[in-house]
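# Structural characterization, general
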Amino acid sequence: MKKIAIAAVLTAGLALSACEANVTDEGEMPSMDVDVSGDAGELPEVDVDTADVEVGSEEVTVDVPDVDVTMPSEK
């Protein structure tokens, strides 16, 4: 169980370190009035630079051993 937790933390750390985000506008909380009318607020603007990932494939031939299985006879 601890190994799974450690693997999850390491995976999350790798995922979070793979991109860089810069907040360009802080945003604003909604302002509310007593009679429940108000301003909707504003979401922050974020400029995200993700990691460049190159994916490719390569054909490989793998030698697989021949395995003979002898099943026990039923009695």
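Below or above, wherever it landed, is the structure these notes cover. (Residues numbered from 1 in each chain as written. Predicted model: local features only at pLDDT ≥ 70, side-chain atom pairs only at ≥ 80, totals over all residues. Heavy atoms only, no water.)

### Comments concerning the overall build of the protein chain
In terms of helices and strands, the protein chain carries one helix and two strands. Counting only residues that meet the buried cut, the protein chain has 0% of its 75 residues in that class. Once local pairs closer than 6 in sequence are excluded, the contacts in the protein chain between residues at least 24 apart make up 38%. For the protein chain, the exposed surface amounts to about 7,800 Å²; the carbon and sulfur share of it is 57%. (Helix = DSSP H or I, 4+ residues; strand = E, 2+ residues; numbered from the N terminus. Buried < 20%, exposed > 50% of the residue type's maximum accessible area, 1.4 Å probe, protein only. Contact = heavy atoms within 4.5 Å. Areas by Shrake-Rupley, 256 points an atom, 1.4 Å probe, with all protein chains shown as cover.)

### What about the environment of Asp 52?
Following the sequence through the fold, Asp 52 ends up in the segment after strand 2 (45-50). Along the sequence, Asp 52 and Cys 19 sit 33 residues apart, while their C-alpha atoms lie 9.2 Å from each other.

### Topic: the environment of Asn 22
Relative to the helices and strands, Asn 22 resides in strand 1 (residues 19-25). Distance from Asn 22 to Val 48, taken between C-alpha atoms, is 6.3 Å for residues 26 residues apart in sequence.

### Remarks on a nonpolar patch on the surface
Together, Val 23, Val 46 and Val 48 give the surface a local cluster of nonpolar side chains, amounting to about 240 Å² of exposed area. Here Val 23 shows up in strand 1. (Patch = residues over 30% accessible without salt bridge, like charges linked within 9 Å, V, L, I, M, F, W, Y side chains within 5 Å. Salt bridge = Lys/Arg side-chain N within 4 Å of Asp/Glu carboxyl O.)

### Comments concerning a negative patch on the surface
Taken together, the side chains of Glu 28, Asp 39, Glu 42 and Glu 45 make up a negatively charged region of the molecular surface. Note that Glu 45 resides in strand 2. (Lys, Arg positive; Asp, Glu negative; His and termini not counted. Charge placed at Lys NZ, Arg CZ, Asp CG, Glu CD.)

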